[in-house]
Amino acid sequence: MATHAALKATANERWKELTEGQRPWIRIGTAICGHAAGAFDTLAAIESKLKSSGIDATVDEVGCLGICFAEPLVDVTLPGGPRLFFSNVGVDDVDAIVDGYVKSGNIPTEGVMGYLAEEGQVVSPDAINGVPNLNDIPQIGRQKRVALRNAGTTAPADVYQYLARDGYAGLNRALIEMKPEDVIEEMKSSGLRGRGGAAFPTGVKWSFMSRGENPKYILCNCEEGDPGAFNDKAILESDPYTTIEGITIAGYATGSSNGIIFIRHGHDGPIDRAEAAVKQAYEAGLLGKNILGTDFSFDIEISLTGESYVAGEETALMEAVEGHRSMPRARPPFPAAFGVWGRPSTINNVKTLSYAPSILENGAEWFSDIGVNKSTGTAIICLSGNITYPGLYEVPMGLTIGEVINEIGGGVPDGRKLKLLQTGGPLGGVLSDQSADVHLDFDEMREAGAILGSGGIIVADERTCAVDLTRVLVAFCQYESCGKCFPCRLGTTNLLEIVERICAHEDRPGDVELMKTVGKTMQMGSLCGHGQLGFNPIESAIKHFDSDFRTHMEERRCPTGSCRRPGYAPVNTRSFAQVPIGEPVAPVEPAPVSLAPGLAGK
Amino acid sequence: MPPDVTPKIGLTAEAESEALKQRIQSAVESQKRPTVTVLSSLLAIEDELGFIPEEAIELVASHSGATINEVWGVASFYPNFRFSPPAEHMVEVCWGPSCHLVGATEVIGAVLGELGLESEGDTPDGVATLKLNTCLGACSQAPVMSIDHRLMGRITPAAASSGIAAMKGN
């Protein structure tokens, strides 16, 4: 069985060949953001152009560098040169890159976004023809990449590229130098908190795991049905080994025998790359029996679920792994004692587990020095909506939301004003435009009435009606209720009906009070967060955007004119939601009855 | 109308196609992941056939030691399962909040128009199935749609229409 040092030696040799060898190395981002931007067409064009030009180059599909707005992003390393990045490369741009740069080595003046130096490489400004260093743009320079350290740089399923970038140093240290309880202590002192939404300290969670006999399970949750969040899938398809190594570390620390990566069927990018990576890890002796020549053995497999948001809830996830409907179980018993197939189980989010290798490699203190207060490490933010530079940004905890939105995201485009921010997934809640000073900090965000949750931040500009956006969020909650607890099943339906009435100026007296009662019942009477938090989108919207609701209900008009009549009711879904594609909702005569002042008040 | 998922016990025997059963059997038996469950078997059948025929239910039940009720329960719970053969092409449009904010409803309108549909479902000529997705997962490229699982980001209503037209031409 190969030792880490032996694997690392092979990996270094291969890496040297890639970065300093005689063949050009062309990397193209084909994670989901690249895919949606047309990267597969660009890739095919590059391959055919290289072939017809007789150029012998290494072409690797890589993951997401975070700057999704620049996709398709092509990264060319010529022998001895830096990484040169070409942004928004369409099929028509390929000839110019290959003929103009790959063949000649002359750095073009157009279409080049910037360069990045390889580690230890010195790039003189003359040699680079005035092309900017990508570290000088905030979208790259302000990132602190830990879980995503290899994303966009290594070929996702190539274990040797991962090893060359110090992959498996963390697991090796754990297996060779540490006892399982030391690993748990290290995780505790790193201050790492779960990134799935609940922000529970990871080391403490691992310590709950029963010490009894195997099989015991580490479940890695990549269900991630949250609209507006794609960071779990992005990690898994950009650098699956960091997750796999993290799961293996968790397995060692808790004395478990098996890991399961749980993904929704149909997300082929993360599924295929995770599967390929698991296979290679077995071949390299990094999974299976006697990992890295030690007496620790561990297996990982991939488990798929059907479409279900609630399957991301930890007990519902276990039901889906067992092949049942993904409905939550009552707790206790807790998973650490009675989990999947009744065996002790620990469930962590992809992001959480993906930090473990770096923590073990660099030490707890290194990690806890990043971030602020009780929120150590980084936040992995998916920035989307009305924003100039949408992307996937891993930044230190403690940045303000204003810094993320304005400095990294480039603010709201076209000179419009920011209106609201939707954070932490559909159940998270909305923040007003006055939230620029709120820090990325689990506890501060919670105090501000939102959650950092999964890390999605959806930006909405002044054209947005809060009632309209609330309708979309409530429709999602209604559609995704699993139906087990009737307060959630009926409550979300009821809430949706009322919000749709408000949208269409057909609300009835007492509707706001009714929503509050329903919301409270859901909170008290549901087994999982879906029902417990299902009123959040409405509550927070009413809190911050009282006037939008009042304009609808009292003045009988939409404040921004963006609410539209339903065009039709979808049939192929669980939902009663009506997609608003019809005529704009016309203003009507104001209702004779005025509402009590301050909807947000009691 | 929701799909009719009522088991028609006793009626299936005449309609059974031996070839179909063979394909179901082989999809269920050749699953490459080690853990085989009701859900994994149904997903394998969907991958193979694009839908869950009635014949599959009993087979999955006997293969995984579950009851027919349990299998129907799982199959009818997850909305990705359908119970009739799919149309030739799959068109999905995302209606998540990110996409909604940047014009998803206009894209949905254009796609409905181009397909001649008034709602989700199959076109009468069997060329395409339209499905609205809660999140296709490419929020940074919103609005997003996909044709036969090939994603198209930053899509305009016009680009959506020409994408559908090109799909029909193929």
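Note that the structure is a prediction, hence the values are computed from the model and not measured.

Within chain A, the regular secondary structure consists of 23 helices and 16 strands. Here chain A has a C-alpha radius of gyration of 25 Å; the compact-globule value for 602 residues is 25 Å, and the two agree. In chain A, which comprises 602 residues, the proportion classed as buried is 62%. Counting only contacts in chain A whose residues sit at least 6 apart along the sequence, the fraction spanning at least 24 positions is 71%.

The next thing to look at is the confidence of the model for chain B. The predicted model of chain B has a mean per-residue pLDDT of 90, with 91% of residues at 70 or higher. Element-level mean pLDDT values for chain B span from 53 in helix H1 (residues 12-15) of chain B up to 97 in strand E4 (residues 145-147) of chain B.

Any two side chains of opposite charge can pair, given that their charged atoms come close. With the rule as written, the count across this model stands at 39 salt bridges over all chains. Close ionic contact of Glu 48 of chain B with Arg 23 of chain B constitutes a salt bridge, the shortest N to O distance being 3.1 Å. With Glu 48 of chain B in helix H3 (residues 38-49) and Arg 23 of chain B in helix H2 (residues 18-29), the pair connects residues that are 25 residues apart, well separated along the chain. Given the relative accessible area of 38%, Glu 48 of chain B is considered partly exposed. Owing to a relative accessible area of 40%, Arg 23 of chain B belongs among the partly exposed residues under this scheme. The network of salt bridges with common partners includes Arg 27, Asp 75, Arg 83 and Glu 118 of chain A.

What follows concerns the sheet that holds strand E6 (residues 217-222) of chain A. All names here are of chain A. Spatially, four strands are ordered E8-E7-E6-E9 in an open sheet, and the strand pairing comes out parallel. Where the open sheet ends on each side, the last strands, each with one partner, are strand E8 (299-305) and strand E9 (345-349). Here the average twist between neighbouring strands, direction ignored, is 25°. One ladder, built from five bridges, connects E6 with E9; its direction is parallel. Directly across from Ile 218, in E9, lies its bridge partner Thr 346. Sheet strands in contact with helix H10 (residues 231-238) are E6, strand E7 (258-264) and E9, and its direction is about 110° off that of E6. Across the sheet, helix H12 (residues 268-283) touches E7 and E8, and the angle it forms with E8 is around 165°.

Helical geometry: 3.6 residues make up each α-helical turn, so side chains three or four residues apart lie on a common side. All names here are of chain A. In a regular helix each residue adds 1.5 Å, so 15 residues correspond to 21 Å; helix H11 (residues 240-254) covers 21 Å between its end C-alpha atoms and thus fits that length. Counting buried positions over the 15 residues of H11 gives 15, a clear majority of the element. Count one or two residues on from H11 and you reach Gly 255, which has phi positive near 65°.

It is worth spelling out the interface of chain A and chain B at this point. Interfaces are often described in size by the accessible area the parts lose on coming together. Facing the 70 residues of chain A at the interface are 47 residues of chain B. Across the interface of chain A and chain B, roughly 4,700 Å² is buried in total on both sides, 61% from carbon and sulfur atoms. Put simply, chain A and chain B have four salt bridges between them. In this structure, the salt-bridge partner of Glu 307 of chain A is Lys 131 of chain B, at a minimum N-O distance of 2.7 Å. The tally of links between chain A and chain B comes to 16 residue pairs in polar contact (both at pLDDT 80 or more). Take the side of chain A that touches chain B: its biggest share by element is eight residues, from helix H18 (residues 466-480) of chain A. Of the residues assigned to the side of chain A that touches chain B, the class counts are 37 nonpolar, 20 polar and 13 charged.

Our next topic: the pairing of strand E3 (residues 128-133) of chain B. Moving residue by residue along a regular strand, the side chains alternate between the two faces of the sheet. Residues and elements named next belong to chain B. Counted residue by residue, E3 has six buried out of six residues, so it is predominantly covered. When strand E1 (residues 89-94) meets E3, the two strands line up parallel, connected through six bridges. Within the sheet, the bridge partner assigned to Val 93 lies in E3 and is Leu 132. As paired strands, strand E2 (residues 121-122) and E3 are joined by two bridges and run antiparallel to one another. Among the inter-strand pairings, Gly 121 is bridged to a residue of E3, identified as Leu 130. The hairpin formed by E2 and E3 contains five residues between the paired strands, and Gly 126 there has a positive phi angle of roughly 75°.

Bringing the packing of helix H7 (residues 169-177) of chain A against H11 of chain A into the picture now. All names here are of chain A. Packing of H7 against H11 brings their axes to within 9 Å, and their N-to-C directions diverge by 15°. Considered as vectors, H7 and H11 are oriented roughly parallel to each other. Where H7 crosses over H11, the two elements pack in a sense that is left-handed. Here Ala 169, Gly 170, Leu 171, Ala 174 and Leu 175 of H7 come into contact with H11, specifically with Glu 245, Thr 248, Ile 249 and Tyr 252. Looking at the contact of H7 with H11 residue by residue, the classes come out as six nonpolar, two polar and one charged.

Before going further, it helps to examine the confidence of the model for chain A. Residues and elements named next belong to chain A. On average, residues of chain A score 92 in pLDDT, and 95% of them are at 70 or above. With pLDDT under 50 throughout, residues 569-576 is counted as low confidence; its partners more than four residues away or in other chains account for 28 contacts. Per-residue pLDDT stays below 50 along residues 591-602; that stretch engages in 22 contacts with residues further than four places along the chain or on separate chains.

Here we take up the sheet that holds E4 of chain B. Residues and elements named next belong to chain B. Across the sheet, five strands lie side by side as E2-E3-E1-E4-E5; this open sheet has mixed pairing. Strands with a single pairing partner mark the edges of an open sheet, and in this sheet they are E2 and strand E5 (150-152). Here E1 runs beside E4; their pairing, made up of three bridges, is antiparallel. Bridge pairing links Val 93 to Met 145 in E4. Here helix H8 (residues 157-169) sits on the sheet in contact with E1, E3, E4 and E5, set at roughly 10° to E4.

What follows concerns the packing of aromatic side chains. Each aromatic ring pair is described using two quantities: the centre-to-centre distance and the angle formed by the ring planes. Evaluation of the coordinates by the stated rule reveals 14 aromatic pairs over all chains. Seen from their ring centres, Tyr 217 of chain A and Trp 341 of chain A are 5.6 Å apart, and the 50° between their planes marks the pair as tilted. Taken together, the residues Tyr 217 of chain A in strand E6 and Trp 341 of chain A in the loop between helix H13 (314-321) and E9 connect sequence positions 124 residues apart. Here Trp 341 of chain A falls in the partly exposed class, since its relative accessible area comes to 37%. When the ring of Phe 77 of chain B is compared with that of Tyr 78 of chain B, the centres are 5.0 Å apart and the planes differ by 85°; the resulting orientation is edge-to-face. Tyr 78 of chain B carries the same exposure label as Phe 77 of chain B, and that label is buried. Following the ring pairs from residue to residue traces out a cluster consisting of Tyr 162, Tyr 168 and Tyr 241 of chain A. Lying over the aromatic face of Tyr 160 of chain A, Arg 14 of chain A brings its terminal NZ or CZ to 4.1 Å of the ring centre.

Reading the values: the criteria
Residues numbered from 1 in each chain as written. Chains lettered and ligands numbered in written order. Predicted model: local features only at pLDDT ≥ 70, side-chain atom pairs only at ≥ 80, totals over all residues. Heavy atoms only, no water. Helix = DSSP H or I, 4+ residues; strand = E, 2+ residues; numbered from the N terminus. Rg over C-alpha atoms; globule rule 2.2 N^0.38 Å. Buried < 20%, exposed > 50% of the residue type's maximum accessible area, 1.4 Å probe, protein only. Contact = heavy atoms within 4.5 Å. pLDDT = per-residue confidence, 0-100. Salt bridge = Lys/Arg side-chain N within 4 Å of Asp/Glu carboxyl O. Pairing = 2+ DSSP bridges. Axes fitted to C-alpha atoms, helices over the stretch in contact; angles between N-to-C directions. Expected span 1.5 Å × (residues − 1). Buried area = accessible area lost by both parts, 1.4 Å probe. Polar contact = N/O pair within 3.5 Å; in protein donor to acceptor, adjacent residues only side chain to side chain. Nonpolar A, V, L, I, M, F, W, Y, C, P; charged D, E, K, R; others polar. Parallel < 35°, antiparallel > 145°, perpendicular 65-115°, else oblique. Left-handed = near helix turned anticlockwise from the far one by under 90°. Phe/Tyr/Trp six-rings, centres within 6.5 Å; stacked < 30°, edge-to-face > 60°. Lys NZ or Arg CZ within 6 Å of the ring centre and 35° of its normal.

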